[in-house]
Amino acid sequence: MTTETLDKQQTAEQKTVVLNGNEMAATAASQINYHVMGYFPITPSTAIPEEIDLKKAAGEHQIHMIAADGEHGAAGICFGAAAAGGRVINATASNGLLYSIEQLPVQSGTRLPMVLNIANRAVSGPLNIKCDHSDIVYALSAGWIILMGKDPQEVYDLNLMAVRIGEAEGVRLPVIVSFDGFVTSHQKRRSLIFNDVKTVQDFVGEFTPKITVVDPANPVTLGPYMNDDLINNRKQQSMAMDRAREVIPKIFDEYAKISGRQFSMVQAYRMEDAEAALFILNSSTSTAREAVDAMRKEGKKVGVVSASVIRPFPIKEIQEAFKNCKAICIADRQDTYGTGGGAMSMEIKAALKEDPDNKSLVLSRIYGLGGLEFYIEDAMEMLNDALDASTSGKVNVPFEYVGAYEGDESYVPEFAEPPLTVEDVTPNIITTERDPETGEIKVKGAITRELTRMPKRIAPGHGACPGCGIVPSINAVMRGLEGPVVVLFHTGCGMIIGSGYPFSAHRTTYIHNLFQNGAATMAGIVEMYKERQRRGEIPRDQDITFLMVTGDGGNDIGMGPTIGSALRNHNMIFIEYDNEGYMNTGHQLSFSTPLGHATSTSHIGPAQKGKSTQHKDTAQIMAACHIPYVFTGAECNHVDLTKKAAKAQLIAREEGFVYGKLLSACPLNWRSNESKGREIIQAAVDSCFFPLYEIEHGITKITYDPEAKGKRVPVLDWLKQMGKTKHMGKPDYEAELKSFEKEVERRWRRLKAMAENPLL
Amino acid sequence: METETKVLSKTNEFGTYEIRMESIGGQGANLAGKLLAEAGIMEIGLNGVNFASYGSEKKGTPVKSFIRFAESDKEIRLNSPVVEPHLLVIFTTVIAKNVPLLTGVKPGCMVIVNTTETPEAVRDMLKIPGGTTIYTVDAMGIAVQERVRINTTILGAVARAVDFMTRAALEETMRKTFTKKYPKLVEPNIKAFNRGYEEAVKYDVPDDGKYPVQHFQGFKPKLGWKNAPIGGAIVNPGNTVLNDLSASRSGFKPVWNEELCINCGACDSTCPDQCIIFRRDKDDKGKERQFFDHIDYKHCKGCLRCVEVCPKDALTAERE
Ligand SMILES: Cc1ncc(C[n+]2csc(CCOP(=O)(O)OP(=O)(O)O)c2C)c(N)n1
Ligand code: SF4
Ligand code: SF4
Ligand code: SF4
């Protein structure tokens, strides 16, 4: 965007705000008043649905928000919603984009416009939550239009224009608005927004779908299978991109009239006489311009080129920008591995090749991966390299990673404490025995005092919030597991707190996979282990317990592989700690969040009353897989939990899949007292919201019955201990409270009936 | 176009006035940064940006908040963290052992510290270079009395120290921010803010060269591309024990009374940070048993879960 301000007279009224990129995207969405948002939270884009939800609760718009089961599901929701003829928005990043990528060509191939915001973030693994462009490169050939915004103002502007561009006659393509995670998504800046929603509404206009799947008078088949004809469909798509190339500048001009902000496909900064230049995208553009100004003061003829549109790729504009430039350094915030440059480097080289007059030398640089800060000195270094090439006429270092550090080769990582031996973790405190006749398993020896002998497999010094319930809950499980354990953690707080490089809190072998796929990964580990034992590569008598840990969120997005592994009955223990939300990303609702609870995607407000659906009953879903053992547990009854874990170990070894669900405190997001985690969990158990039971070979047994013990409390006694649910006691929430109580009671009665009848 | 009347008396080569706040997650430095940026932009008419050091860190870990101001017509183009602040604000000195707080602080810089110590003592404790100006304020004391978080009190000291930042601008911004969501918090916060302004103690540090300027080091990890195990593997797991987490405590720690303890182990079962250390020993009858040995304060985060579960009051919460 050039900062050149157009005639103020013509522009619509705007007001100054101090907002970050996510808030600006949400503001745009709210003003556009999309019909539907299908989404799944992922840092650093999560604040977009959060902000939209907050505005929804306040009654500022009518966007129908649908929390998906994962990004693949979110993309599916968006596809369906777009096919049903309305305006649709989504937001994601990093592996969220990758997980939805299979749907991207579906959306573009069926020519259904929508807008997807991407807050650029590095893709896993190793997991990294910060900015780079390794996510957006995967979308380059998805057939979507891709707009790039360098600051919150551009995020807002591009979001408004994206609607028009995607819906334009002859284009009809979905549009991505891509901006830097954290740097732009989280940085608050002075910006302008339109005062009047009507200005926005007038600009975007009415949406008239070409075809919809909800018009019985005009039946249509959308998504046929195509053989040789596919090439023609694809040619149409390619033509739509060419059409977009014509349409986009016109929409930029039209927008400039109402906003005073003129966008262009490509921005050439101080390029008129530049001999050396840098090409760079998004937020780094501003830093690079500052570097150019500083170097110009020293008399160096340098410039910088950036782009607001990378699909369609602005070939002509790029050729024009570089036509007199002797050397260009192309800085990519991703690598295409093995090509000697990032994606922009490849594409710009190709574009320049088509200009027979262009003689520019090209240097390729990879920078800022995983959020490594981009300082002005880095920009100057790249510009100086280009300048050297321009004067010497040759490129000394064609390809390099800027900012990577070699390390200290004399340093060898050492154990801070000796690793746990098999003897250490086999104190023989607990014994499990199976009655040869009845098959019943007896667990002996779980006494709290003696249990302190079991070394902790998770070391102190991890990064959980004070009073977090995850570690004590997992400890209670691990205390029941004698012998070596291999753990797999899904993404989530449990994972993040214990493995921040170069530190790891895991004293046993640990592996992470993204939380839509842990159970499948563990299945692979278990079966390979067994196969290698069968082949004699690993001693047959070496016994390892395979423990996989997920949060409730991981068992939303990862439910498919969990059920798959259960149905295949692998020898593993699957533990889900349920803190009733996606805590690692800042407390969005999960399917396990109960009705009426306030989360960052189920706000309470005049127009909304917390989460609108009842909590998921995961233990019963898993029981329906008819695996050998299902249990629930809670640290308030930690001995019971440890015994169940010991039993689980025997069953996993001898029979197969075990599923256990634990209720785990999150003082930060429950907004509850750090010291009272156990008390709150106890109240949840005593209210019969979270009954403690087990299902062994289909037979249900309640292991702690608060009613029988005379300890049952009303659910409100539990809810009033947490900030996230205090409102449930207010008269305004009577209906929600009643409905929740009724559901808790129904599920409890049903469970009791199951416990009484071995056939249920 | 150049503005005729400049608001900022001091700026760096890029035309910006730079502020860095050092704090622990939960102390409200992010909100303080946001309020300050908004006051500068909306009330004083400056251009400004505000952002924080982001990561997956949970509550109780160090966080930085950054603010950059420029004259209204000047674009702010740098997005990188503030390495040479004009104003450094330290929410807690406890993190000094984990964070190089004084990075980039040069003569002419102002440093605001939340402390009960005198400015002279703070200077020696943190090794603040000469030629700077220190403001100390007992923000914790004021915050406890006024029942608010320390951030608004600290903003009072900021209004006092920073010439272009007015009391009225910050007060107005706080009113706007709190009235919407927490109307009850408005007055106590304004009161704490005013007390922070008035009670801050100023000290011009002599330019004596007593402590050197600590320069920004950049990213230079011991494990780099030449020697890090491939695939991101950590080959010495369990090394989080090297971390000192005592700064995560917010004022209280558990204290053990041996007399009352029955060695039941309940505290160990609830501690999220494995800080309750038991040992194997013989009881009166010569039988090997488990005994409470000590609390590991290096890793204790002061959640007081252990105090809550102890059946014999053998653990009590005590102010640090
Ligand atoms: C494919 C993908 N989508 C989204 C995310 C972002 N993400 C990481 S952890 C998390 C929530 C985890 O919730 P849960 O499993 O309940 O664990 P908790 O954080 O509550 O402990 C989310 C949404 C991701 N890492 N990958
Ligand atoms: S956010 Fe909640 S679940 Fe995550 S570490 Fe903090 S307390 Fe634990
Ligand atoms: S809970 Fe109390 S009595 Fe029990 S071991 Fe701990 S300090 Fe001793
Ligand atoms: S206060 Fe918390 S962290 Fe410290 S010993 Fe007690 S339970 Fe553990």
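Residues numbered from 1 in each chain as written. Chains lettered and ligands numbered in written order. Predicted model: local features only at pLDDT ≥ 70, side-chain atom pairs only at ≥ 80, totals over all residues. Heavy atoms only, no water.

Colleague: Honestly, the environment of Gly260 of chain A in this entry has me stumped. Any pointers?
Modeller: All names here are of chain A. Among the structural elements, Gly260 can be located in the loop between α8 (230–259) and β9 (266–269). Judged by relative accessible area, Gly260 falls into the buried class, the value being 7%. Distance from Gly260 to Ala12, taken between C-alpha atoms, is 8.6 Å for residues 248 residues apart in sequence. (Helix = DSSP H or I, 4+ residues; strand = E, 2+ residues; numbered from the N terminus. Buried < 20%, exposed > 50% of the residue type's maximum accessible area, 1.4 Å probe, protein only.)

Colleague: Explain the sheet that holds strand β6 (residues 145–149) of chain A to me, please; I cannot follow it from the model alone.
Modeller: Sheets are built from strands that pair by backbone hydrogen bonding, the pairs being arranged parallel or antiparallel. Residues and elements named next belong to chain A. Judged by pairing direction, the sheet is mixed, and its seven strands sit side by side in the order β3-β2-β4-β5-β7-β6-β12 without closing on themselves. Each edge of the open sheet carries a strand with a single partner, namely β3 (64–67) and β12 (309–311). Taken pair by pair, the neighbouring strands of this sheet meet at an average axis angle of 20 degrees, ignoring direction. With four bridges connecting them, strand β2 (residues 36–39) and β3 associate as parallel partners. The residue bridging Met37 from the neighbouring strand is Met65, located in β3. (Pairing = 2+ DSSP bridges. Axes fitted to C-alpha atoms, helices over the stretch in contact; angles between N-to-C directions.)

Colleague: Can you help me understand the domain arrangement of chain A in this one?
Modeller: Residue and element names in this part refer to chain A. In terms of domains, chain A is made up of domain 1 (4–262), domain 2 (266–401) and domain 3 (431–756). For domain 1 and domain 3, the distance between their C-alpha centres works out to 37 Å. Carbon and sulfur atoms supply 66% of the area buried between domain 1 and domain 3, which totals about 1,700 Å² over both sides. On inspection of domain 1 and its partner domain 3, the count reaches eight residue pairs in polar contact (both at pLDDT 80 or more). Counting only elements with at least two residues in the side of domain 1 that touches domain 3, the list comes to α2 (47–57) and α4 (94–100). With five residues, α2 is the single largest residue contributor to the side of domain 1 that touches domain 3. (Domains from an automatic or database assignment. Buried area = accessible area lost by both parts, 1.4 Å probe. Polar contact = N/O pair within 3.5 Å; in protein donor to acceptor, adjacent residues only side chain to side chain.)

Colleague: What should I look at first to understand the site of ligand 1 in this one?
Modeller: Residues and elements named next belong to chain A. Ligand 1 sits among 22 residues. The nearest are Glu71, Gly553, Gly554, Tyr577 and Asn584. At 2.9 Å, a backbone N or O of Met583 approaches an oxygen atom of ligand 1. Compared with its free state, where it exposes 590 Å², ligand 1 has 99% of that area covered by protein. Residues that form the shell around ligand 1 fall into these classes: nine nonpolar, eleven polar and two charged. Residues lining the shell around ligand 1 come from more than one domain, with at least three contributed by each of domain 1 (4–262) and domain 3 (431–756). (Near = heavy atom within 4 Å. Areas by Shrake-Rupley, 256 points an atom, 1.4 Å probe, with all protein chains shown as cover. Nonpolar A, V, L, I, M, F, W, Y, C, P; charged D, E, K, R; others polar.)

Colleague: Looking at this structure, I do not really get the confidence of the model for chain A. What am I missing?
Modeller: Low-confidence regions, as indicated by low pLDDT, have predicted coordinates that should not be scrutinised in detail. Residues of chain A with pLDDT of at least 70 account for 99%, and the chain-wide mean is 97. Counting interchain partners and residues more than four positions distant, the pLDDT-below-50 stretch residues 1–6 of chain A has 16 contacts. (pLDDT = per-residue confidence, 0-100. Contact = heavy atoms within 4.5 Å.)

Colleague: In this structure, what is going on with the domain arrangement of chain B? I would like to understand it.
Modeller: When the parts of a complex come together, some accessible area is lost, and that lost area is often used as the size of the interface. Split into domains, chain B comes out as domain 1 (17–204) and domain 2 (249–319). For domain 1 of chain B and domain 2 of chain B, the distance between their C-alpha centroids amounts to 38 Å.

Colleague: Looking at this structure, I do not really get the packing of helix α4 (residues 150–161) of chain B against helix α6 (residues 186–199) of chain B. What am I missing?
Modeller: The description of two packed helices rests on the angle between their axes and on the distance between the axes. Residue and element names in this part refer to chain B. Two elements in contact, α4 and α6, have axes separated by 6 Å at closest approach and are oriented at 40 degrees. Put simply, α4 runs oblique to α6. Our pair here, α4 against α6, has a crossing hand that is right-handed. When α4 is examined against α6, the residues Thr152, Thr153, Leu155, Gly156, Ala157, Ala159 and Arg160 are found in contact with a partner set consisting of Asn189, Ala192, Phe193, Gly196, Tyr197 and Glu198. Its residues placed into classes, the contact of α4 with α6 shows six nonpolar, five polar and two charged. (Parallel < 35°, antiparallel > 145°, perpendicular 65-115°, else oblique. Left-handed = near helix turned anticlockwise from the far one by under 90°.)

Colleague: How should I be thinking about the packing of aromatic side chains in this particular structure?
Modeller: Given two aromatic rings, one states the distance between the centres and the angle between the planes to describe the pair. Residue and element names in this part refer to chain A. One pass over the structure, following the stated rule, counts 22 aromatic pairs over all chains. With a centroid separation of 5.4 Å and 65 degrees between ring planes, the pair formed by Phe203 and Tyr255 is classed as edge-to-face. Residue Phe203 is found in helix α7 (residues 197–204), and its partner Tyr255 is found in helix α8; the two are separated by 52 residues along the sequence. Take Phe203 and Tyr255: they sit in the same class, and that class is buried. Here Phe489 and Tyr510 contribute two aromatic rings whose centre-to-centre distance is 5.6 Å and whose plane-to-plane angle is 40 degrees, an arrangement assigned as tilted. Placement of the pair is Phe489 in strand β18 (residues 485–490) and Tyr510 in strand β19 (residues 509–513), with a sequence separation of 21 residues. (Phe/Tyr/Trp six-rings, centres within 6.5 Å; stacked < 30°, edge-to-face > 60°.)

Colleague: What should I look at first to understand unusual backbone geometry in this one?
Modeller: Trans is the common state for peptide bonds, and a negative phi is the common state for residues other than glycine. With an omega of -5 degrees, the peptide bond running from Ser124 of chain A to Gly125 of chain A counts as cis. Assignment of secondary structure puts Gly125 of chain A in the loop between β5 (115–120) and β6. In the segment running from Arg311 of chain A into Pro312 of chain A, the intervening peptide bond is cis, with an omega of 0 degrees. Looking at the secondary structure, you find Pro312 of chain A in the loop between β12 and α10 (315–321). Of note in this structure, His626 of chain A is not a glycine but carries a positive phi near 55 degrees. In this structure, His626 of chain A sits in the loop between α19 (618–623) and β24 (629–634). Look at His626 of chain A and you get exposed, because its relative accessible area is 70%. Of note, the phi angle at Lys127 of chain B is positive, near 60 degrees, even though the residue is not glycine.

Colleague: Is there a simple way to think about the pattern of salt bridges in this case?
Modeller: When charged atoms on two side chains of opposite charge get close, those side chains can pair. Summed over the entire model, instances satisfying the criterion amount to 75 salt bridges over all chains. The partner of Glu745 of chain A in a salt bridge is Arg749 of chain A, with the nearest N and O atoms 2.8 Å apart. With Glu745 of chain A and Arg749 of chain A both in helix α24 (residues 734–756) and four residues apart, the pair spans about one turn of that helix. Given the relative accessible area of 26%, Glu745 of chain A is considered partly exposed. Accessibility expressed as a relative area gives 40% for Arg749 of chain A, which makes it partly exposed. The closest approach of N and O atoms between Glu171 of chain B and Arg175 of chain B, which form a salt bridge, is 3.2 Å. You can see Glu171 of chain B and its partner Arg175 of chain B sitting in helix α5 (residues 167–181), four residues apart, about one turn around the helix. Among the residues examined, Glu171 of chain B registers a relative accessible area of 22% and is labelled partly exposed. Here Arg175 of chain B falls in the partly exposed class, since its relative accessible area comes to 26%. Each member of the salt-bridge network shares a partner with another, and the members are Asp705, Glu707, Arg712, Glu745, Arg749 and Lys752 of chain A. (Salt bridge = Lys/Arg side-chain N within 4 Å of Asp/Glu carboxyl O.)

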